2 protein chains.
Amino acid sequence: MKIKAKSIIVGIFVAMLAQQSFAQQPAVIEDFKPSPLNQPQQEYPMVNSQGYARFKIIAPAADSVRVSLGLGGKGGTKLEKASDGSWMGTTEGPMDEGFHYYNIKIDGGKFNDPGALNYYGSVRWESGIEIPAHDQDFYALKNVAHGHVQQVLFPSPSNNTSLRAFVYTPPGYEKGKDKYPVLYLQHGWGEDETAWMNQGHANLIMDNLIAEGKIKPFIIVNTYGMTNEVKFGRMKDFKIEPFQTVLVNELIPYVDAHFRTIAKQTHRAMAGLSMGGMETKTITLNNPEVFSHYALLSGGTYAPTDIKDKSKVKLIFLSCGSKERPEGVIKAVEALKEASFNAVSYVSDKTGHEFQTWRRSLHELAPLLFK
Amino acid sequence: MKIKAKSIIVGIFVAMLAQQSFAQQPAVIEDFKPSPLNQPQQEYPMVNSQGYARFKIIAPAADSVRVSLGLGGKGGTKLEKASDGSWMGTTEGPMDEGFHYYNIKIDGGKFNDPGALNYYGSVRWESGIEIPAHDQDFYALKNVAHGHVQQVLFPSPSNNTSLRAFVYTPPGYEKGKDKYPVLYLQHGWGEDETAWMNQGHANLIMDNLIAEGKIKPFIIVNTYGMTNEVKFGRMKDFKIEPFQTVLVNELIPYVDAHFRTIAKQTHRAMAGLSMGGMETKTITLNNPEVFSHYALLSGGTYAPTDIKDKSKVKLIFLSCGSKERPEGVIKAVEALKEASFNAVSYVSDKTGHEFQTWRRSLHELAPLLFK
């Protein structure tokens, strides 16, 4: 199975480069507030209304403290020792809106910021910071009915153990009798099954869309895409079969047996971000009888010739951030439309290969599913 | 409302002192393996068959690296710089079996070990290490049917927001029609609603007991006991009312409305560890019409005179570790029995004020509930 990894990897580096160019920055406005993702009672890291981030690390005897964010072409933000023995610093320019992973280099070692919550990315639990976005309302915790996020441990004979998945069930599921369609939604390289609910706020995005009457409720399932097993930059070496077996032969039957699903191809979607998009493309093409709705979020494209039986595909959704390579996504959707597919593109404005792009992509995708 | 905090706090310090005495240690056996709680692909920290822990931290330019575990009266384990620029060290003696929180002091700052998973304790996400216990089988992940752990966001008018709880539903709940009793199970000071499922393995303890036919299935609910708001050592200042309102007036009605519970006093239990035991004692005594089964795990005792209407109390369970003050628990249960209460004591062998005591306590408590 050949996976076209190059375009995705190029996309990642383009996004990284975009983050590095801080030409002609505006004066810093001193309205810094704690990042919404801080640990309880922690003041730092802070963010201001322009998107600057300010860090404070206590390590009085350290020689050097550096934050991986706010690159400025200098390998991150160098903190300076303050009079109280702490280390402080502000990014050289504003960050993109939304969620960013980061870590702290202290005397040559990589650690997390004790002030911030941790999120699994880059094959480790990293610190997370949130630059409040102008459109943060769609994933805010609101006074609406909330669905539940269920941790399930499903048997995986191919791994000879139980594996973990998270299952979002919409508000009212727990006492109702309705059956629901299911979206299988995958994380990216170095992440795991916690990503979409933790940093992605997929549950809140769904709660809010349902409360506004904008979508028909459906179930979302996240599991681990076994992507840690491949080194970053060597994604071509990734073999899809072990994960495909887990997803198609083990998890889907478990979900259909334990949840009130509409257990049919027409009511089953698969989507994934970045490397999870690569997985989605391969698995949907390998299993046309299993999924009918396909979505790749910063995770490549489909060509009309990829698909053998057009009648089985109800939707193809392709998205990315405007700081990635949107023209690839747009052109691919144009070609799919010309070939009479129901295809939709979405480009997230002023974001790169990061979770704000994918939160928005889910928000755009959800109303299109299972119509 | 007066809460007897002193005995608990004394218990904590007795446990800490016990950990510090490493007289006449055996020779270290070189059979170290990665701790079961390491992050993916991480070799360190390691543990050996005797309970020693070995740490390795990369920070080539640091002046001093110290681990908070393995005290030996010297403020933790001091790591030494190895030839490859890393810092390494082994605890001076064996640790108690089970789970321990820890952190790393690097050049005067407190950080987490990048090799270990994080667990919420001490009002921060701390590193966790597991010394494999001789009785670890009862909380092992086995090839049995697994219940689900549901994250719910329930409305809390008294806090003007939604709060989080975790709800364990037993295997088969999701497709059945039975109604279940409920145990409300609280964490300790500095912890939160994640503690019982993450470091406590409450879900696996239940799965295994159910698979062995040793208990009748019930639901477990964990929520945040609002214990961060009080400083360690100032627990007497804690006011129960805000949490009592959340639990009794907000969470219980939500759980009874959204899950198939037996919504009666006779089928509702409350238990808590350490400061969660203090909360349990106060709330059960304040609300005799709500709970019928009470359990304090390293969290104080009841006297017969505490209880106004004996007929309403179906079980009192008191436990602690043998390295705490077991005589207090044993004497309290004797007095309760003399006063004709159904009271049970349990002392966890060779453990202190730590999660191994509480895992074992839950394992002992569960078969006694809702008989």
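Predicted model, so just to flag it, every value in this text is computed and none were measured. (Residues numbered from 1 in each chain as written. Chains lettered and ligands numbered in written order. Predicted model: local features only at pLDDT ≥ 70, side-chain atom pairs only at ≥ 80, totals over all residues. Heavy atoms only, no water.)

Quick word on the sheet that holds strand β6 (residues 80-81) of chain A
All names here are of chain A.
And then number 1: Spatially, β1-β2-β3-β7-β6 is the arrangement adopted by the 5 strands of the open sheet, whose pairing is antiparallel. Each of the sheet's edge strands pairs with one partner strand only, and the pair in question is β1 (33-34) and β6.
And then number 2: Two elements, β6 and strand β7 (residues 86-90), share 2 bridges in a ladder whose sense is antiparallel. Bridge assignment links K81 to a residue of β7, and that residue is W87. (Pairing = 2+ DSSP bridges. Helix = DSSP H or I, 4+ residues; strand = E, 2+ residues; numbered from the N terminus.)

Quick word on the sheet that holds strand β4 (residues 65-67) of chain B
Strand pairing within a sheet occurs via backbone hydrogen bonds; the two strands may be parallel or antiparallel.
Residue and element names in this part refer to chain B.
And then number 1: Strand order in this open sheet of 4 strands is β5-β4-β9-β10, and the pairing throughout is antiparallel. Two strands lie at the open edges of the sheet, namely β5 (77-78) and β10 (109-111), each paired on one side alone.
And then number 2: Judged from the 3 bridges that link them, β4 and strand β9 (residues 104-106) form a sheet pairing that is antiparallel. The residue bridging V67 from the neighbouring strand is I104, located in β9.

Remarks on the nonpolar core
All names here are of chain A.
And then number 1: Membership of the largest hydrophobic core comes to 48 residues, with the highest contact counts inside it found for Y184, V221, L247, F291, I316 and L318.
And then number 2: The greatest single-element share of this core, amounting to 8 residues, is contributed by helix α4 (residues 241-258).
And then number 3: Residues from two domains meet in this core; each of domain 1 (31-132) and domain 2 (138-368) gives at least three.
And then number 4: If sequence neighbours within four positions are ignored, V221 has contacts with A165, F166, V167, V182, L183, Y184, L185, L251 and V255. (Core = buried A, V, L, I, M, F, W, Y, C linked by side-chain atoms within 4.5 Å. Buried < 20%, exposed > 50% of the residue type's maximum accessible area, 1.4 Å probe, protein only. Domains from an automatic or database assignment. Contact = heavy atoms within 4.5 Å.)

Brief notes about the pairing of strand β8 (residues 98-102) of chain B
Residues and elements named next belong to chain B.
And then number 1: By the criterion of burial, β8 is predominantly enclosed, with 4 of the 5 residues buried.
And then number 2: Bridge count between β8 and strand β12 (residues 124-131): 5 bridges; the pairing is antiparallel. Along β12, the bridge assignment pairs Y101 with G128.

Focus: the environment of I104 of chain A
All names here are of chain A.
And then number 1: Position of I104 among the secondary structure elements: in strand β9 (residues 104-106).
And then number 2: Measuring from C-alpha to C-alpha, the distance between I104 and P114 comes to 9.7 Å, with 10 residues separating the pair along the chain.
And then number 3: Residues in contact with I104, not counting those within four places in the same chain, are I57, V65, R66, V67, G109, K110, F111, N112 and D113.

Considerations on the relation of the copies chain B and chain A
And then number 1: In the superposition of chain B on chain A (RMSD 0.0 Å, axial shift 0.0 Å), the rotation amounts to 180 degrees. The relationship between the two copies is best expressed as a two-fold rotation axis. For chain B, the residue whose C-alpha comes nearest the rotation axis is Q150 of chain B, separated from it by 2.0 Å.
And then number 2: A high fraction, 100%, of the interface residues of chain B reappear at the interface in chain A, so the copies pair face to face through one surface. (Least-squares fit on C-alpha atoms with pLDDT ≥ 70 in both.)

Comments concerning the interface of chain B and chain A
And then number 1: Counting from both sides, the interface comprises 47 residues of chain B and, opposite them, 47 residues of chain A.
And then number 2: For the pair chain B and chain A, the number of links is 0 salt bridges.
And then number 3: At the surface where chain B touches chain A, the tally comes to 15 residue pairs in polar contact (both at pLDDT 80 or more).
And then number 4: Per-element accounting of the side of chain B that touches chain A gives the leading share, 6 residues, to strand β13 (residues 148-156) of chain B. (Salt bridge = Lys/Arg side-chain N within 4 Å of Asp/Glu carboxyl O. Polar contact = N/O pair within 3.5 Å; in protein donor to acceptor, adjacent residues only side chain to side chain.)

Notes on the packing of aromatic side chains
And then number 1: As enumerated under the stated definition, the model contains 29 aromatic pairs over all chains in all.
And then number 2: Ring centres 4.9 Å apart and planes at 85 degrees place the aromatic pair F99 of chain A and Y101 of chain A in the edge-to-face group.
And then number 3: By relative accessible area, which is 2% here, F99 of chain A ends up buried.
And then number 4: Consider the rings of Y173 of chain B and Y180 of chain B, whose centres lie 5.6 Å apart with planes at 45 degrees: the pair is tilted.
And then number 5: Sitting above the plane of the Y173 of chain A ring, R260 of chain A keeps its charged end 4.2 Å from the centroid. (Phe/Tyr/Trp six-rings, centres within 6.5 Å; stacked < 30°, edge-to-face > 60°. Lys NZ or Arg CZ within 6 Å of the ring centre and 35° of its normal.)

Considering the side chain of S292 of chain A
Residue and element names in this part refer to chain A.
And then number 1: Secondary-structure assignment places S292 in the loop between α5 (275-286) and β18 (293-297).
And then number 2: A distance of 3.2 Å separates a polar side-chain atom of S292 from the backbone oxygen of T266.
And then number 3: Setting aside anything within four residues of it in sequence, one finds S292 in contact with Q265, T266, H267, R268, K312, V313, K314 and L315.

Focus on the domain arrangement of chain A
Residues and elements named next belong to chain A.
And then number 1: Looking at chain A, the domain boundaries give domain 1 (31-132) and domain 2 (138-368).
And then number 2: The centre of domain 1, based on its C-alpha atoms, is set 31 Å off from the matching centre of domain 2.
And then number 3: Taken together, the 14 residues of domain 1 in the interface contact 18 residues of domain 2.
And then number 4: Carbon and sulfur atoms supply 46% of the area that domain 1 and domain 2 bury against each other, a total of about 1300 Å² over both sides.
And then number 5: The largest share of the area that domain 1 buries against domain 2 comes from D96, F99 and Y120, three residues that together contribute 38% of it.
And then number 6: Taken together, the links from domain 1 to domain 2 amount to 3 salt bridges.
And then number 7: With a shortest N-O distance of 3.3 Å, R360 and E97 are connected by a salt bridge.
And then number 8: One can count 11 residue pairs in polar contact (both at pLDDT 80 or more) joining domain 1 with domain 2. (Buried area = accessible area lost by both parts, 1.4 Å probe.)

Let's talk about the packing of helix α3 (residues 202-211) of chain A against helix α7 (residues 355-365) of chain A
Residue and element names in this part refer to chain A.
And then number 1: As a packed pair, α3 and α7 sit with axes 10 Å apart at the nearest point and diverge in direction by 35 degrees. For the element pair α3 and α7, the recorded crossing hand is right-handed. Contact with α3, carried on its side by A202, I205 and L209, involves R359, L362 and H363 of α7 and no other residues of that element.
And then number 2: Per-class residue counts for the contact of α3 with α7 are 4 nonpolar, 1 polar and 1 charged. (Axes fitted to C-alpha atoms, helices over the stretch in contact; angles between N-to-C directions. Left-handed = near helix turned anticlockwise from the far one by under 90°. Nonpolar A, V, L, I, M, F, W, Y, C, P; charged D, E, K, R; others polar.)

Topic: the pattern of salt bridges
And then number 1: Within this structure, the stated rule accounts for 32 salt bridges over all chains.
And then number 2: The closest approach of N and O atoms between D137 of chain A and K142 of chain A, which form a salt bridge, is 2.8 Å.
And then number 3: On the accessibility criterion, D137 of chain A (47% relative accessible area) is partly exposed.
And then number 4: Residue K142 of chain A is classed as partly exposed on the basis of its relative accessible area, which comes to 22%.
And then number 5: The partner of K350 of chain B in a salt bridge is D349 of chain B, and the shortest N-O contact between them spans 3.4 Å.

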